[in-house]
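# A structural walkthrough
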Amino acid sequence: MRSFQTVAAASLLLHNVCATLVPAKMQERSLEWVVKPKVFIISMFTPEGEIWYDIPEFDILAINITVPGFSPLYPDAHCTANGDVCQLITGESEINAATTIASLVRYPRFDLTSTYFMVAGIAGVNPEVATICSVTFARYAVQVALQYEFSQLDIPRNFTSGYIPQGSTSADEYPQSIYGTEVFELNQNLQKIAAAFARTATLNDSDTAIEYRANYASASAYAAGAAAPSVVECDVATSDVYFSGDTLGTAFGNYTTLVTNGSGVYCTTAQEDNATLEAMLRAAANKLVDFSRILVMRTASDFDRPYPGEAATTNLLWADPGSFEPSIQNIYLAGIKVVEGILGGWNTTFAAGVNATNYIGDIFGTLGGTPDFGPYAYNNSPVTKRSVKGKRNVEVRVGRH
């Protein structure tokens, strides 16, 4: 057995050798430098994250910072050498996203007060609005599964699905029990600028995706689903449940319309965005981030419902639309245009911020201003716990049109 002194001496020697290999300035910067990113890319799982590695524009792995509270699978934030661009992977689902982002915004190694955040991931897509391999930018994020749920086998005949807004008794009644995470509204001017940047990209597609989306052409309601990929400004739904089918797709589209007071357009479905935005909102309330500098970009990897004649189970479990790889590639192809646009226009436009002319924030008005959605726009009574008084009828879809 080696003696303690021998091990200690070897350790000291190894430390001294390593110290000579790493320049003192780099050691100091890695330990003490506060990173102030201009753009922070938020990925949700490995393929979304790795698409940013080994790209010609910048080396996102130049600096790696372990952040307490990050996922054990993805413990590090990655940044370019100058700190202008950073990236992380939250892990999938709402809990992972909320925990990772809450940990990031309060970690002292980062100054995020002027950072633009871009959620950049894949999603399911509603063929009434867009098609696979498309790129979408959201104004609203809607937590569509935050509702009452009944088995489809147990619902009355006049119910169109098993979902009823919380605290309500019918699908077209605004939720009477409000938690505060139901809807987030983002900076629409920034959304449009980012979409314009992304439209300069040539999007990826595949022969299989072209063939698969042609199946949707038989239904006029799915004309967008049968069209070529494009950049679309439309809204994202958040649900931990990975759903498939016309019944649920229509129900969640109706709910999006309802809770945004008719202004939201449901087109993509993901598992994290409302959780990410709630963590960001709480940070913004403490002046740690600027909520007007958040983008949600989702590329379409699959359809949320089958084409006419296909089973919903086939759509989810066995179909190969050929769109996963192109959708991952399009995160980079469209996203790099946004990153470059922000960096290139930093001094002229983005350092000062893009003024939001629409309301931004949550249903409670936490960051100030008056929400243009929710019961509070029509009922001035104060919020009391989770109970909300007052109802508003909103016209919603009950079928395809």
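Just so you know, these numbers come straight off a predicted model, no measurement behind them. (Residues numbered from 1 in each chain as written. Predicted model: local features only at pLDDT ≥ 70, side-chain atom pairs only at ≥ 80, totals over all residues. Heavy atoms only, no water.)

### A closer look at the side chain of Glu 185
Here Glu 185 is to be found in strand β10 (residues 183-185). Taking the relative accessible area as the measure of exposure, Glu 185 reaches 0% and is therefore buried. A distance of 2.7 Å separates a polar atom in the side chain of Glu 185 from a polar atom in the side chain of Arg 139. Side-chain polar atoms of Glu 185 contact the side chain of Asn 358, separated by 3.0 Å. Not counting chain neighbours up to four residues away, the residues in contact with Glu 185 comprise Arg 139, Tyr 140, Phe 291, Asn 358, Tyr 359, Ile 360, Gly 361, Asp 372 and Phe 373. (Helix = DSSP H or I, 4+ residues; strand = E, 2+ residues; numbered from the N terminus. Buried < 20%, exposed > 50% of the residue type's maximum accessible area, 1.4 Å probe, protein only. Polar contact = N/O pair within 3.5 Å; in protein donor to acceptor, adjacent residues only side chain to side chain. Contact = heavy atoms within 4.5 Å.)

### As for empty space enclosed by the protein
One pass over the structure, following the stated rule, counts one cavity of 30 Å³ or more. Of the volumes computed, that of the largest cavity is approximately 80 Å³. Lining the largest cavity are Gln 147, Thr 160, Ser 161, Tyr 163, Pro 165, Ala 171, Ala 251, Phe 252, Asn 254 and Tyr 255. Of all the secondary-structure elements, those providing two or more residues to the lining of the largest cavity are β9 (163-165) and α8 (246-259). Its residues placed into classes, the lining of the largest cavity shows six nonpolar, four polar and no charged. (1 Å grid on protein atoms, 1.4 Å probe; cavity = no way out; pocket = protein on both sides within 12 Å on 5 of 7 lines; lining within 4 Å. Points joined across faces, edges and corners; volume = space filled by probe spheres on them. Nonpolar A, V, L, I, M, F, W, Y, C, P; charged D, E, K, R; others polar.)

### Some points on the state of the cysteines
Under the defined criterion, the tally for this structure stands at two disulfides. Between the sulfur atoms of Cys 79 and its disulfide partner Cys 86 the distance amounts to 2.1 Å. In this structure, the disulfide formed by Cys 79 and Cys 86 twists by about 105 degrees around the S-S bond and is classed as right-handed. Looking at Cys 79, the relative accessible area reads 0%, which means it is buried. The buried category is assigned to Cys 86, whose relative accessible area is 0%. There is a disulfide in this structure between Cys 234 and Cys 267, and the S-S distance comes to 1.9 Å. Negative torsions about the S-S bond denote left-handed disulfides, and the value of about 70 degrees found for Cys 234 with Cys 267 makes this one right-handed. One end of the pair, Cys 234, is in the loop between β11 (231-233) and β12 (235-238); the other, Cys 267, is in strand β13 (residues 266-270), with 33 residues separating them in the sequence. Cys 267 shares its class with Cys 234; the two are buried. (Disulfide = S-S within 2.5 Å.)

### So, the layout of surface pockets
One number sums up the size of the largest pocket: a volume of about 480 Å³. Looking at the lining of the largest pocket, the elements with two or more residues in it are β5 (116-125), β13, β14 (294-303) and α10 (312-318). By residue number, the principal contributor to the lining of the largest pocket is β14, which donates four residues. Split by residue class, the lining of the largest pocket holds 14 nonpolar, eight polar and seven charged.

### Quick word on the packing of aromatic side chains
Applying the stated criterion across every chain, the model contains 17 aromatic pairs. Seen from their ring centres, Tyr 116 and Trp 346 are 5.9 Å apart, and the 80 degrees between their planes marks the pair as edge-to-face. Of this pair, Tyr 116 sits in strand β5 while Trp 346 sits in helix α12 (residues 346-350), placing them 230 residues apart in sequence. Summarising the burial analysis for this pair, Tyr 116 and Trp 346 share the class buried. With a centroid separation of 6.2 Å and an interplanar angle of 50 degrees, the aromatic rings of Phe 197 and Phe 350 are classed as tilted. With Phe 197 in helix α5 (residues 188-198) and Phe 350 in helix α12, this pair connects stretches of sequence that are 153 residues apart. (Phe/Tyr/Trp six-rings, centres within 6.5 Å; stacked < 30°, edge-to-face > 60°.)

### Quick look at the confidence of the model for the protein
Across the protein, the average pLDDT comes to 89, with 86% of residues at or above 70. Low pLDDT, under 50, characterises residues 1-31; the stretch is placed with nine contacts to residues that sit more than four places away or in other chains. (pLDDT = per-residue confidence, 0-100.)

### Let's talk about the nonpolar core
Judged by nonpolar contacts, the single largest core of 38 residues is most densely connected at Phe 40, Phe 110, Phe 117, Met 280 and Phe 291. Taken together, the elements giving at least two residues each to this core come down to β1 (39-43), β2 (63-66), β3 (76-79), β4 (85-89), α4 (94-105), β5, α9 (273-285) and β14. In terms of residue count, the dominant contributor to this core is α9 (six residues). Apart from the residues lying within four places of it in its own chain, the contact partners of Phe 117 are Phe 40, Ile 42, Leu 104, Leu 112, Met 280, Val 289, Arg 293, Ile 294 and Leu 295. Counting 36 residues, the second largest nonpolar core, distinct from the first, contains Ala 194, Ala 198, Val 338 and Ile 342. (Core = buried A, V, L, I, M, F, W, Y, C linked by side-chain atoms within 4.5 Å.)

### Thoughts on the pattern of salt bridges
Under the defined criterion, the tally for this structure stands at 14 salt bridges. Across the salt bridge formed by Asp 290 and Arg 293, the nearest N and O atoms sit 3.1 Å from each other. Residue Arg 293 is classed as buried on the basis of its relative accessible area of 5%. Each of the salt bridges in this network shares a partner with another, and the network as a whole consists of Glu 128, Asp 246, Asp 304 and Arg 305. (Salt bridge = Lys/Arg side-chain N within 4 Å of Asp/Glu carboxyl O.)

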